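This is what each chain is made of:
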Amino acid sequence: MQPNTEQGKVMHKSIISDFVLIIWLAKRAQQYLYFLRKLREAHLPSPILTTFYRGTIESILSSCITTWFGNCTAFDRKTLQRIVRTAEKIIGVSLFSITNIYTTRHIRKTTSIVKDPTHPSHELFTLLPSGRRYRSIWSRTSRLCNSFFPEAIRLLSSG
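Residues numbered from 1 in each chain as written. Predicted model: local features only at pLDDT ≥ 70, side-chain atom pairs only at ≥ 80, totals over all residues. Heavy atoms only, no water.

Caption draft 1: Representation of the overall build of the protein chain in the model. Assigned secondary structure in the protein chain consists of seven helices and zero strands. Going from N to C terminus, the protein chain has its helices and strands arranged as α-α-α-α-α-α-α. For the protein chain, restricting intrachain contacts to residue pairs at least 6 apart in sequence, the fraction spanning at least 24 positions comes to 62%. Accessible surface computed for the protein chain: about 10,400 Å², of which carbon and sulfur atoms make up 59%. (Helix = DSSP H or I, 4+ residues; strand = E, 2+ residues; numbered from the N terminus. Contact = heavy atoms within 4.5 Å. Areas by Shrake-Rupley, 256 points an atom, 1.4 Å probe, with all protein chains shown as cover.)

Rendered as structure tokens:
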């Protein structure tokens, strides 16, 4: 009975740490929105503003996005998307949504794992007999179902 309570504590700490990480990322990205506004006030052209956004704010928002975005709540995703929309309004150009950023980075990481037979997780990606779709990983909890590898298999099989 004792290991279950230990495991529950570890899971609880992990959920809290994901929540704290997302809050930290949002606050950090909002701090850089200030500098984006100052650059806009200096009448810099939108390609330079977009480069600043992609190099700083998008970089902050997408740090380790493939590990934590799958288990984000809708509220957290909305918070992060609000930052992207604010940057769009400042720059005046449409930008990639946070979900789009996640999908492209996730597919890029997954294809690099599939192409590399020496990668430790390469064995998780086995093709079904049809040769078009990958075998899905069985998961009991939604936390595991939304984690990197099951989500990667769903993305590869759908596209």
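So that's the structure; there's more coming.
Caption draft 2: Inspection of the environment of Tyr 53 at higher detail. Relative to the assigned elements, Tyr 53 resides in helix 2 (residues 46-61). Distance from Tyr 53 to Glu 88, taken between C-alpha atoms, is 9.4 Å for residues 35 residues apart in sequence. In this structure Tyr 53 touches Glu 58, Val 84, Ala 87, Ile 91, Leu 95 and Phe 96, once residues within four positions along its chain are discounted.

Caption draft 3: Here's a closer look at unusual backbone geometry. Non-glycine residue His 43 carries a positive phi angle of around 60°. Within the secondary structure, His 43 sits in the loop between helix 1 (2-41) and helix 2. Take His 43: its relative accessible area is 73%, and that puts it in the exposed class. For Cys 64, which is not glycine, the phi dihedral falls at a positive 55°. Within the secondary structure, Cys 64 is located in the loop between helix 2 and helix 3 (65-68). We classify Cys 64 as exposed; its relative accessible area is 55%. (Buried < 20%, exposed > 50% of the residue type's maximum accessible area, 1.4 Å probe, protein only.)

Caption draft 4: A look at the pattern of salt bridges. By the definition in use, this model includes four salt bridges. With a shortest N-O distance of 2.7 Å, Arg 154 and Glu 151 are connected by a salt bridge. Note that Arg 154 and Glu 151 are positioned in helix 7 (residues 148-158) at a spacing of three residues, about one turn of the helix. Judged by its relative accessible area of 36%, Arg 154 is partly exposed. Assessed through its relative accessible area of 18%, Glu 151 is described here as buried. Beyond isolated ion pairs, a larger network of salt bridges with shared partners links Arg 54, Glu 58 and Arg 105. (Salt bridge = Lys/Arg side-chain N within 4 Å of Asp/Glu carboxyl O.)

Structural measurements only, silent on function.
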